[in-house]
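Chain by chain, the residues run as shown.
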Amino acid sequence: MRSSPFRRSETDRDAAPQFVLPLVVRIEKAAPPARTDALETAARAVLVLLSDERATAEDGAWAEAVRDWQDARIRKVVRRARGAEWRRAQGLPGITLTGGRAASGDGPPAAEVRVFPPVPLDGWPKELARLQVSGTDLDDPEPPPAPDLAGPALWLNPRIDMSAGKAMAQAGHGAQLAWWELDDAARAAWRAAGFPLAVRTASAERWRELTASGLPVVRDAGFTEIAPGSCTVVADHPALRRLQSSGAWPPQPPGLLSPGPDGT
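Computed from a predicted structure; not experimentally measured.

1. Quick notes on the pattern of salt bridges
Any two side chains of opposite charge can pair, given that their charged atoms come close. For the coordinates displayed, the defined rule picks out seven salt bridges. Between Arg241 and Asp236 there is a salt bridge; the shortest N-O distance is 2.3 Å. Arg241 gets classed as partly exposed once you look at its relative accessible area, which sits at 26%. Exposure remark for Asp236: the relative accessible area of 6% places this residue in the buried category. One network of salt bridges, in which partners are shared, links Arg26, Glu28 and Glu112.

Written as structure tokens, this is what we have:
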């Protein structure tokens, strides 16, 4: 059963009370994580929250907040924390994910991202409200390995420069779009596998192919960093490709899939 709120009208979504999904990335001054690891961990964190029983069960502790969030624009905000800030954030209800690239030798530590249930746009917990949005610039000390093209991948627009925090939010949007467009069996299989995915910047040629493919495209609302309507991410998943080849997907024109979630 599909439940993508991206199929609702702009008027309904804009008129609803606005909520935001907070994500906090741990960035210690002396040992920041690698950029790609942080992006992939943020995307997985969104998927873990969306599939958590506290969000999916009718009487789940987070279910109402998630429903309210999905009824409005799908906003995500990434903030950074270190030291005591990170420890305080860990004390709030949420889920912490650790990235797949453990520290080795002089390499960066594995990324750590905590995702929290949605909060009102102007009602952040004080422990999170005081955290900074800026300062999330991260680098990859080495180019990330080539992704498994047979597996799930989130492809970034090669023409748009984004801070790591902005890109983390956009990767989360892409993962969420893929999740909503999958059927129950594909969702269950992805979850059982631990939500494997890759986040990579597409080449110019591949980006042209992807945006014309009918796969889900994230179009940013333009609240921060980039122009409104910018295409930032294409969500590619093997189950969606199989549906495409069978002619069963997309059920509506691709342009209806993503009218503009904001990634901050």
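2. Some remarks on the pairing of strand β3 (residues 95–98)
Residues Ile95 and Leu97 point to one face of β3 and are all buried, whereas Thr96 and Thr98, pointing to the other face, are not buried. Alignment of β3 against strand β4 (residues 112–115), held across four bridges, turns out to be antiparallel. Bridging across to β4, Ile95 finds its partner in Val115.

3. Comments concerning the pairing of strand β2 (residues 75–81)
The element β2 is extensively covered by neighbouring structure, given that seven of its seven residues are classed as buried. Side chains of β2 alternate between two faces, with Arg75, Val77, Arg79 and Ala81 and Lys76, Val78 and Arg80 buried alike. Where strand β1 (residues 19–26) lies against β2, seven bridges are found, and the strand directions are parallel. Looking at the pairing, Arg26 lines up with Ala81 of β2.

4. So, the sheet that holds strand β7 (residues 198–201)
Reading across from one edge, β7-β6-β9-β8 is the order of the four strands in this open sheet, with mixed pairing throughout. The outermost strands of the open sheet, each flanked by one partner alone, are β7 and β8 (217–219). Taken pair by pair, the neighbouring strands of this sheet meet at an average axis angle of 20°, ignoring direction. Here β8 runs beside strand β9 (residues 231–236); their pairing, made up of three bridges, is antiparallel. Bridging from a neighbouring strand, Val218 pairs with Val233 of β9. Against the sheet, helix α7 (residues 164–181) makes contact with β6 (153–156), β7, β8 and β9, and its axis sits at roughly 40° relative to β9, the strand it touches most. The strands that helix α9 (residues 204–211) touches are β6 and β9; relative to β9, the one it contacts most, it runs at about 70°.

5. Quick notes on the side chain of Asp37
Residue position: Asp37 is located in helix α2 (residues 35–51). A polar side-chain atom of Asp37 sits 3.3 Å from the main-chain amide nitrogen of Gly100.

6. A few points about the nonpolar core
Among the nonpolar cores identified, the biggest contains 61 residues, and Leu23, Leu154, Met168 and Trp190 are the most heavily contacted of them. Ignoring sequence-local partners within four residues, the contact set of Trp190 consists of Leu47, Pro152, Ala175, Ala178, Trp179, Leu182, Phe195, Pro196, Leu197 and His237. Grouped together as the second largest cluster of nonpolar side chains are twelve residues, Val77, Ala81, Phe116 and Val119 included.

7. Considering the packing of aromatic side chains
Within the structure shown, the criterion is met by two aromatic pairs. Judged by centre distance (5.7 Å) and plane angle (70°), the ring pair of Trp179 and Phe195 falls under edge-to-face. Of this pair, Trp179 sits in helix α7 while Phe195 sits in the loop between α8 (184–192) and β7, and the two are 16 residues apart along the sequence. Judged by its relative accessible area of 7%, Trp179 falls in the buried class. Using a relative accessible area of 3% as the deciding quantity, one classes Phe195 as buried. Each ring, one from Trp190 and one from Phe195, has its centre 5.6 Å from the other, and the planes form 75°; the classification is edge-to-face. Residues Trp190 and Phe195 agree in their burial class; the two are buried. Members of the aromatic cluster, connected to one another through ring pairs, are Trp179, Trp190 and Phe195. Seen from the ring of Trp124, Arg79 lies directly overhead, with NZ or CZ sitting 4.2 Å from the centre. Above the face of the Trp155 ring, Arg206 is positioned so that its terminal group lies 4.5 Å from the ring centre.

Reading the values: the criteria
- Each chain carries its own residue numbering, running from 1 in the direction its sequence is written.
- In view of the model being predicted, local features appear only for residues whose pLDDT reaches at least 70, and side-chain atom pairs are presented and counted only at 80 or more, with totals across whole chains, interfaces and linings using the full set of residues.
- With hydrogens and water set aside, each side-chain value is computed from the structure's full complement of heavy atoms.
- Just to be clear on terms, a salt bridge is a Lys or Arg side-chain nitrogen sitting within 4 Å of an Asp or Glu carboxyl oxygen.
- Three exposure classes are used, based on accessible area relative to the maximum for each residue type with a 1.4 Å probe and protein chains only: buried under 20%, partly exposed in between, and exposed over 50%.
- Put simply, DSSP marks the helices as runs of H or I at least four residues long and the strands as runs of E at least two long, and each gets a number from the N terminus on.
- Strands are treated as partners if at least two bridges between them are detected by DSSP.
- Axes here refer to lines fitted to C-alpha atoms; in helices the fit is confined to the stretch in contact. Angles between the N-to-C directions go from 0 to 180 degrees.
- Residue contacts follow a heavy-atom distance rule, with two residues in contact if any of their heavy atoms lie within 4.5 Å.
- Under the rule applied, a polar contact is a pair of N or O atoms within 3.5 Å (in protein, one hydrogen donor and one hydrogen acceptor; residues adjacent in sequence only if both atoms are side-chain atoms).
- As used here, the term nonpolar core means buried Ala, Val, Leu, Ile, Met, Phe, Trp, Tyr and Cys residues forming a set that is joined through side-chain atoms within 4.5 Å.
- Geometry of aromatic contacts follows a simple scheme: Phe, Tyr and Trp rings, the Trp one being its six-membered ring, pair when their centres are within 6.5 Å, and the pair is stacked under 30 degrees between planes, edge-to-face over 60, tilted otherwise.
- Only Lys NZ and Arg CZ are tested; either one counts as a charge over a ring when it is within 6 Å of the ring centre and within 35 degrees of the ring normal.

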